[in-house]
Amino acid sequence: MTNHWIDIKNADVVVVMGGNAAENHPVGFSWVTEAMQHNNAKLVVVDPRFNRSAAVADYYANLRSGSDIAFFLGLIRYLIDTNQVNYDYVKTFTNASFIVREDYGYEDGLFTGYDPKTGSYDKESWFYELDDQGYAMVDESLEHPRCVWNLLKQHVDRYTIDKVVNITGTPKAQYEQVCQVIGATHANNKVATFLYALGWTQHTKGAQNIRSMAMVQLILGNMGMLGGGVNALRGHSNIQGITDMGLLCQNLPGYLKLPSDKDVDLQAHFEHHAPKPLRPGQTNYWQNYPKFFVSLMKSFWGEAATPENNFGYEWMPKWDMQYDVLRYFEMMKQGKVNGYIVQGFNVLSSLPNKAKINEALAKLKFLVVVDPLAVETATFWRNKKLFNEVDTANIMTEVFRLPTGCFAEEEGTIVNSGRWMQWHWKGANSPKEAKADGEIWAGILAELKRLYAEEGGALPEAVAALDWQYVNPANPTAEEVAKQLNGQDVATGRQLSSFGELKADGSTACGCWIYTGSWTEQGNMMARRDNADPSGKGITPGWSFAWPANRRILYNRASADVNGNPWDKDRTLMEWTDGKWTGIDVPDFNSKLDPQASAKTGFLMQPEGHARLFANRLMAEGPFPEHYEPMESPIGTNPMHPEVITNPAVRIFADDKAQLGDFEDFPYVGTSYHLTEHFNNWTTHSRLNAIAQPQHFIEMDEVLAKQKGIANGDWVKVSSKRNYIVTKALVTKRLQPYVVNGKTLHTIGIPLHANYEGLTREAYEINSLTPYVGDANTQTPEYKAFLVNIEKAEAI
Amino acid sequence: MNRRQFFKLCAGGVATSAIAGLGLMPTLAFAAPREFKLIRAKETRNNCCYCSVGCGLLMYSRGDVSKNVEPSLFHIEGDADHPVSRGALCPKGAGLLDFVNSPNRLQYPEYRAPGAATWQRISWQEAFTRIARLMKDDRDQNMIKTNAAGTPVNRWMTTGMLTASAQSNEAGFLTQKFARGLGLVAVDTQARI
């Protein structure tokens, strides 16, 4: 979230799309109802199903799963056509006025630079025209034909309302009404917020779904505002913190990058990641990258990181391609992986195409499962009739199952969606012999360090150098590590108070630069519990610590115009008065700069200082979003460009491509979601939740049910090209047929919570059905739009 | 007196005086009321482990911190002081106690031999020794020290790691150091899916 949970109460319009907050984040959703009751806010819900959020909405529009980008490009066209654009904001804070290179272009579903052989783009032309000093050229009048604004207008011009609703299946009147309600927030004193979740990410164009919405927020002037922003309602309790910790294949903590083969040495790594400014007078915050990186290396390698050895840079592994979990299981299936450690992740029940996951795990020499619960992954080798039919005796994988404690049995920090780092305390001991995760790594590492010291081996110096100098190396405490994450002055051990103090010379050590300030000489800022809200706007500066710098609303320079006057007096975040900045939040800009200078660098992490309507070279499938069908399209064509049906930059492995289904065999759109009683399959192990929601089911509309002779509560077989499940049918009015491109479509809604080792009734796991293909940028699998068939079945 | 007892007393006080005011004061009662069940409990503050709203929790355990007394949780409720959740919990959070005390919690390290159909219990030291041996042998055999261009790359691709997004930051940082320090590149978490 650029904003935070309480801030939702400041919105005039709340849009829930690509998520179902009332069902999945019910307590956070109380701030939506608060906005409706106390701020006269309107709730708009757009979803393929009339869900629990829709049930309390002022306006509901349905759309076919996988058509969100068309919905948004039509909305952008509507905003421009009806002059509902906040032009002052757009000119000041976005790259609308930037001129794009002459060789950039778009035609019939493809941007310039596409190579059909590799299925990827050469993105060279997706960039600004530069002057001789290397600065981007701009035309503040927005008249230049190749300025971003005019290219955007041209790009969205094809998305007329009729074309949009032909793709999305939304009734035209509903679509127009939603456009109107959202469009009204272009006014300076009206703000909309968007709340989304996996309903947007789990598509082959998930990242572009979110970009489309972010572009709308910029055009309406809703970024950096109280009650506005781009607000991902994240899943797991610490998925934000673990993303901050960089536990993704190409990341390091604090959004630093794991070096790649192109970063041949430390200097090259810095050149690739500390950008040069693209406009004069930029803060260009990532220019500080070397300070953050060297401080991280000091926290990794301790005393062994010296200027002479480039702070241990060469001990870090370099990547040559993205080893995301989908690619890695493909490699595993091909027999290229020997060992795998799975921590708190029931991978057998969650990655797409369960049969493939089973096959891959069986090729491992060893599997280490570290978990508090008896999850299916650890027993992938056990034959379980109907649900896991495998040949146990022929699975030669050695498996370790190691018990861990849980949240209640440890202390430490988790980070909520609003970036609040909240410290928690230990209330009980772990059961029997269970150990904390860090204690388990420490135990294995101690053995490895001993073996390498005794026997030598490959790169023994890195294993020896890896810093583990905790008071008790066998069990590092959360306090020690939290202090390390904050950062220290190496010579004195003083806790740093701001990331401005970090140095690139090895004199500071810091595990995660964005966390600096969370444990200072004043103590543990994350444990603070003053819930006072002096401004009345939901900013509680004394409760926990919000990264970065205890800032609650990101990009808050954009809450005021070029002269530093708030767009809306009632939403004053930052204000220029009597020659200085004042406000209720920590400024997200250099507050020594005057309003005009700071406005030029209002989005300070960007080398051009402006938010990007045109994404340059950052996205895999284009600098603007474009509508592509899901990999399994229910209409088998793309009404915008029949030659380019699906995302042209998608990566799909040959065996998975062969397992994509056709709409003639599998005519219905399958989409997965969660129920409020359960959290994935985790809560199936909790008796109260298992009692509340014991039986897996699918949802289907009444028209299709009648056609198929299926009654409410009947057993049904739902099949995809991958496999099938047998479950119960819930026939409901919440789902309705759509007419898309002249064809009537039906949606099969598939709740995710189904497994056989929990306390709920044994059920087929639904990842048996889903396709093994991910978003072209993030490789997040397409769980929200795939093809299935359905028929009546015998009871199981 | 803690906050809860204070509220309880106030609420009781109001009710009693109202009844007395109406002339309905009972003459005498000998049966003692059931003791408030949290009265001897230790209260610990935490946050819900499921979604990322981060609702505040009050967890209650028995055990008086004296030697050899194991505290065990017997009640979890919302923390009314928490500015986001204001004391509320959803149906998932309301069942937290049953996750902590689930019969499916793992208790001991276990091992499944190749081809075997059952687990066998092992000690932690056996687990650490065997896992470290398997990892070292694989790392020594498959560590890629330089690429074709001669650049040091030091990547170990034949072992990978999938990490938890419900672990704390502090555990997560140790996980990161462990993984990259050994040269792993195939490291991912639930944020990927």
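Residues numbered from 1 in each chain as written. Chains lettered and ligands numbered in written order. Predicted model: local features only at pLDDT ≥ 70, side-chain atom pairs only at ≥ 80, totals over all residues.

**Some details on the overall build of chain B**
Alright, step 1. Along the backbone of chain B there are 4 helices and 9 strands.
Alright, step 2. Along its sequence from the N terminus, chain B presents helices and strands in the succession α-β-β-β-α-β-β-α-β-β-β-α-β.
Alright, step 3. Within chain B, the proportion of its 193 residues that are buried is 46%. (Helix = DSSP H or I, 4+ residues; strand = E, 2+ residues; numbered from the N terminus. Buried ≥ 20, exposed ≤ 12 C-beta atoms within 10 Å, placed from the backbone.)

**A few points about the interface of chain B and chain A**
Alright, step 1. Residue-level contacts link 103 residues of chain B with 133 residues of chain A.
Alright, step 2. Among the elements that line the side of chain B that touches chain A, the one with the most residues is helix α4 (residues 169–182) of chain B, at 13 residues.
Alright, step 3. Its residues assigned to classes, the side of chain B that touches chain A shows 52 nonpolar, 32 polar and 19 charged.
Alright, step 4. Alignment of strand β14 (residues 398–403) of chain A against strand β4 (residues 110–112) of chain B, held across 3 bridges, turns out to be antiparallel. Its bridge partner being in β4 of chain B, Val399 of chain A is matched across the sheet by Arg112 of chain B. (Contact = placed C-beta atoms within 7 Å. Nonpolar A, V, L, I, M, F, W, Y, C, P; charged D, E, K, R; others polar. Pairing = 2+ DSSP bridges.)

**A short note on the sheet that holds strand β3 (residues 72–78) of chain B**
Residues and elements named next belong to chain B.
Alright, step 1. An order of β1-β2-β3 is seen for the 3 strands of this open sheet, with the pairing classed as antiparallel. The open sheet terminates on both sides in strands that have one partner only, identified here as β1 (42–47) and β3. Averaged over all adjacent pairs, the angle separating strand axes in this sheet is 30°, with direction ignored.
Alright, step 2. Sheet analysis places β1 next to strand β2 (residues 56–62), joined by 6 bridges and oriented antiparallel. Bridge pairing in β2 links Lys42 to Ser61. (Axes fitted to C-alpha atoms, helices over the stretch in contact; angles between N-to-C directions.)

**Notes on the confidence of the model for chain B**
Residues and elements named next belong to chain B.
Alright, step 1. Residue-level pLDDT values for chain B average 88, and 83% of them are 70 or greater.
Alright, step 2. This stretch, residues 9–16, has a pLDDT under 50; its non-local contacts, to residues over four places away or in other chains, come to 0 contacts.
Alright, step 3. Interface confidence in the predicted complex, given as ipTM, is 0.98; pTM for the same model is 0.95. (pLDDT = per-residue confidence, 0-100.)

**Considering the domain arrangement of chain A**
Residues and elements named next belong to chain A.
Alright, step 1. As assigned here, chain A comprises domain 1 (6–234) and domain 2 (654–792).
Alright, step 2. A C-alpha centroid distance of 28 Å is found between domain 1 and domain 2.
Alright, step 3. With 22 residues of domain 1 in contact, the opposing surface of domain 2 contributes 28 residues.
Alright, step 4. When contributions to the side of domain 1 that touches domain 2 are tallied by element, the ones reaching two or more residues are α1 (21–24), α7 (161–168), α9 (198–201) and α10 (206–219).
Alright, step 5. Looking at the side of domain 1 that touches domain 2, its residues break down into 5 nonpolar, 13 polar and 4 charged. (Domains from an automatic or database assignment.)

**Regarding the sheet that holds β14 of chain A**
Alright, step 1. Ordered in space as β5(B)-β4(B)-β14(A)-β13(A)-β12(A)-β8(B)-β9(B), the 7 strands form an open sheet in which the pairing is mixed. Each edge of the open sheet carries a strand with a single partner, namely β5 (120–121) and β9 (187–189) of chain B.
Alright, step 2. Relative to β9 of chain B, strand β8 (residues 159–163) of chain B is paired through 3 bridges, and the arrangement is parallel. Note that in β9 of chain B the partner of Met161 of chain B across the bridge is Val187 of chain B.

**Thoughts on helix α15 (residues 354–361) of chain A**
All names here are of chain A.
Alright, step 1. Residues of α15 that are buried: Lys354, Lys356, Ile357, Ala360 and Leu361. Looking straight down α15, one finds that the buried residues subtend no more than 160° of arc, so they occupy a single side.
Alright, step 2. Next to the buried residues of α15 lie α14 (325–333) and β13 (366–371). (Arc of directions from axis to C-beta.)

**What about the packing of α14 of chain A against α15 of chain A?**
All names here are of chain A.
Alright, step 1. Relative to each other, α14 and α15 sit at 55°, their axes nearing to 7 Å. When the interaxial angle is binned, α14 and α15 end up oblique. The two elements α14 and α15 meet at a crossing, and its hand is left-handed. Side by side, α14 and α15 meet where Phe329, Met332 and Lys333 of the first sit next to Lys356, Ile357, Glu359 and Ala360 of the second.
Alright, step 2. Of the residues belonging to the contact of α14 with α15, the class tally is 4 nonpolar, no polar and 3 charged. (Parallel < 35°, antiparallel > 145°, perpendicular 65-115°, else oblique. Left-handed = near helix turned anticlockwise from the far one by under 90°.)

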